[in-house]
Amino acid sequence: MARGFFNVPEAINEPVKGYAPGSPEREELLATYKAMYNSNIDVPMHINGEEVRTGNTSNINPPHDHKHIVGQYHNGEKSHIDAAISTALAAREKWSNTCWTERASIFLKAAELLAGPYRARMNAATMIAQSKNVHQAEIDAACEMIDFFRFNVQYMTDIFKDQPISSPGIWNRVEYRPLEGFVYAITPFNFTSIAANLAAAPALMGNVVVWKPSSHQAYSAQVIVDLFKEAGLPDGVINVVYGDPVMITDTVLASPDFSGLHFTGSTNVFNHFWKQIGNNINTYKTYPRIVGETGGKDFIWAHNSSNPLQVATAITRGSFEYQGQKCSAASRAYIPASIWSEVKGHLISQAAEIKMGSPENTNNFVNAVIHEGSFDKIASFIDAAKADADAEIIIGGNHDKSVGYFIEPTVIVAKSPTYATMTTELFGPVMTVFVYEDDQWEASLKLVDESTEYALTGAIFSTDRYIVEKASKALENAAGNFYINDKPTGAVVGQQPFGGGRSSGTNDKAGSAQNLLRWTSVRLIKETFVTPTDYKYPFLG
């Protein structure tokens with residue numbers, strides 16, 4: 001029981017380490033990478049604090065060296081999912097009644113452990129199994145995860161401080177209770193920090209969680225589990241399961257105690273879950289909270305007043321960092337004809353400098369895409385563009401999966417603004433450009449807004465403030481995260497809460513108080529100090 005109104009440590013963004021040649025952090029990380037790469041990890045499920053190994057294992061292979069095996073994870077059966085649910089519910093009574101200060105301390109400790117002794121290991125696991133270079137691993141697996149933990153604690157206390165007014169003789173107060181039941185967290189491969197936050201955010205607010213990480217993120221998920229355990233997270237609060245995703249989801253969504261879905265993944269999968277939850281609605285004790293961040297076809301739009309080098313740099317960084325496998329990655333651009341030649345020249349020059357290969361080589365800007373299915377899909381669109389008279393590949397276009405799933409950064413110029421790669425989410429290092437006539441800039445904004453079903457991120461470039469204002473208004477529904485004169489990636493917790501609308505998700509803004517509120521059920525308490533004894537009101541005379 002808290003005996004005071006406590007201020008939590010002020011949340012500040014974790015500084016990003018540079019990993020310059022000869023720096024201590026670089027030497028530590030690369031040594032950790034090498035040791036982990038040449039070892040074998042056995043990843044169990046985690047149910048009520050127990051390590052569950054079934055013997056039904058799947059290999060963990062680095063995408064940049066897919067014949068190499070760094071470990072395996074254990075797949076569960078329906079009985080294991082049932083056990084995860086029942087043990088979570090058993091843990092709920094104690095966890096939900098734990099003082100918020102104790103929950104806050106656990107995740108603040110996790111942040112400090114990650115900033116220190118866990119940093120190299122978390123980054124190395126992400127580099128190995130998710131094929132992120134040193135910088136991409138640092139800003140994700142270390143800094144963003146630390147920021148989630150710290151800022152979520154601050155947001156939680158801000159939420160608790162939001163209380164109603166009270167009239168004379170009455171005290172009104174609000175309790176922010178955890179949901180009645182358990183939360184199902186389904187997390188993606190592409191951001192280790194998102195995987196941790198989708199499970200941790202509901203847990204911080206007093207909920208218990210069944211967490212199904214992506215199988216391609218199992219290595220770093222195990223490090224997250226170890227981090228939580230050392231930070232003091234009690235058994236049963238977050239239970240981790242692997243196995244057939246359909247079986248797991250069917251089992252979870254059939255439970256009367258299912259109370260919330262925290263999801264990042266594809267739009268089609270999220271739509272299916274929403275429908276499945278709707279079909280099961282009479283089963284549940286409460287209406288489940290559904291929070292999801294899904295697909296994107298993120299844009300860069302430039303006006304002829306923009307700086308061509310700045311536009312080109314935004315395309316290179318926004319499209320090719322982490323092989324275009326960010327939900328926010330730019331994959332379509334609209335460039336005016338008058339500056340296209342200069343933008344194109346800068347793009348070609350920058351692409352010529354980009355090196356591709358293993359994350360262990362810190363000269364490599366681009367690494368491998370996550371798995372063969374992703375490689376084959378992206379390669380098929382590139383090959384189709386090569387043979388299509390309506391498209392021209394001006395950069396890249398090559399791909400090779402003999403050793404790793406490597407796709408060269410590729411720029412396609414499309415004659416039509418509705419060309420396949422202008423409208424289809426590829427999730428790879430492919431940018432498609434449509435060149436418009438300068439006097440059609442307003443019509444091009446309409447194309448940006450209406451060409452796809454998504455509305456996640458987008459960027460506009462102009463030095464003319466009238467144009468910036470008009471474009472911002474025209475595209476107000478086209479992106480949940482909107483950038484002016486910058487690439488559409490790199491949202492920072494506490495600075496740019498992340499999420500989109502339309503078919504890009506519920507826009508509940510990960511890394512914000514809005515998201516945490518979704519994992520609470522508010523109870524209003526009104527206490528009257530002198531209770532009336534006469535039913536008559538004054539109007540009765």
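Worth saying up front: this structure is predicted, and the values here are computed from it rather than measured. (Residues numbered from 1 in each chain as written. Predicted model: local features only at pLDDT ≥ 70, side-chain atom pairs only at ≥ 80, totals over all residues. Heavy atoms only, no water.)

## Concerning the overall build of the protein chain
At step 1: Scanning the protein chain for helices and strands turns up 16 helices and 23 strands.
At step 2: Relative to its length of 541 residues, the protein chain is compact, with a C-alpha radius of gyration of 25 Å against a globular reference of 24 Å.
At step 3: Across its three principal axes, the protein chain shows a C-alpha extent of roughly 85 × 65 × 50 Å.
At step 4: For the protein chain, long-range pairs separated by at least 24 residues make up 77% of all intrachain contacts whose partners lie at least 6 apart in sequence.
At step 5: Just so you have it, the protein chain exposes about 22700 Å², and 51% of that area is on carbon and sulfur atoms.
At step 6: If the 44 positive side-chain charges of the protein chain are averaged to one point and the 57 negative ones to another, these points end up 5 Å apart. (Helix = DSSP H or I, 4+ residues; strand = E, 2+ residues; numbered from the N terminus. Rg over C-alpha atoms; globule rule 2.2 N^0.38 Å. Contact = heavy atoms within 4.5 Å. Areas by Shrake-Rupley, 256 points an atom, 1.4 Å probe, with all protein chains shown as cover. Lys, Arg positive; Asp, Glu negative; His and termini not counted. Charge placed at Lys NZ, Arg CZ, Asp CG, Glu CD.)

## Some remarks on empty space enclosed by the protein
With a probe scaled to a water molecule rolled over the atoms, the places where space remains empty come into view.
At step 1: This structure, assessed with the given rule, holds one cavity of 30 Å³ or more.
At step 2: Taken as a whole, the largest cavity holds about 80 Å³ of empty space.
At step 3: If you trace the largest cavity, you find 14 residues lining it, with Gly-324, Lys-326, Ala-329, Ser-331 and Phe-427 closest to the centre.
At step 4: For the lining of the largest cavity, the residue count by class is five nonpolar, five polar and four charged. (1 Å grid on protein atoms, 1.4 Å probe; cavity = no way out; pocket = protein on both sides within 12 Å on 5 of 7 lines; lining within 4 Å. Points joined across faces, edges and corners; volume = space filled by probe spheres on them. Nonpolar A, V, L, I, M, F, W, Y, C, P; charged D, E, K, R; others polar.)

## What to know about the sheet that holds strand 17 (residues 410-414)
Hydrogen bonds between backbone groups are what pair the strands of a sheet, and the pairing can be parallel or antiparallel.
At step 1: One open sheet holds the seven strands; their spatial order is 14-17-18-13-12-20-21, and the pairing between them is mixed. The open sheet has two edge strands, strand 14 (391-395) and strand 21 (481-484), and neither has a second partner. Neighbour-to-neighbour, the strand axes of the sheet open up by a mean angle of 20 degrees, direction not taken into account.
At step 2: Set on the sheet, helix 12 (residues 372-386) makes contact with strand 14, strand 17 and strand 18 (430-436); between it and strand 14 the angle comes to about 110 degrees. (Pairing = 2+ DSSP bridges. Axes fitted to C-alpha atoms, helices over the stretch in contact; angles between N-to-C directions.)

## Focus on helix 9 (residues 267-279)
Working note: α-helix, 3.6 residues per turn, so residues spaced by three or four point in the same direction.
At step 1: When the terminal C-alpha atoms of helix 9 are compared, their 18 Å separation across 13 residues agrees well with the 18 Å that a helix rising 1.5 Å per residue should span.
At step 2: Listed as buried for helix 9 are Thr-267, Phe-270, Phe-273, Gln-276 and Ile-277.
At step 3: Where helix 9 is buried, its residues contact strand 7 (182-186), helix 8 (245-253), strand 10 (258-264), strand 11 (289-293) and strand 19 (454-455). (Expected span 1.5 Å × (residues − 1). Buried < 20%, exposed > 50% of the residue type's maximum accessible area, 1.4 Å probe, protein only.)

## Quick word on the side chain of Asn-207
At step 1: Here Asn-207 shows up in the loop between helix 6 (192-204) and strand 8 (208-212).
At step 2: Judged by relative accessible area, Asn-207 falls into the buried class, the value being 0%.
At step 3: Among the polar contacts made by the side chain of Asn-207, one reaches the main-chain carbonyl oxygen of Trp-519 at a distance of 2.9 Å. (Polar contact = N/O pair within 3.5 Å; in protein donor to acceptor, adjacent residues only side chain to side chain.)

## A few points about the domain arrangement of the protein chain
At step 1: Along its sequence, the protein chain is organised into domain 1 (35-55 + 71-294 + 505-525) and domain 2 (298-484).
At step 2: Spacing between the C-alpha centres of domain 1 and domain 2 amounts to 32 Å.
At step 3: With 18 residues of domain 1 at the contact, the number on the domain 2 side is 20 residues.
At step 4: Interface area, domain 1 with domain 2, both sides summed: about 1600 Å², of which 59% is carbon and sulfur.
At step 5: At the junction of domain 1 and domain 2, the tally comes to zero salt bridges.
At step 6: Taken together, domain 1 and domain 2 are joined by nine residue pairs in polar contact (both at pLDDT 80 or more). (Domains from an automatic or database assignment. Buried area = accessible area lost by both parts, 1.4 Å probe. Salt bridge = Lys/Arg side-chain N within 4 Å of Asp/Glu carboxyl O.)

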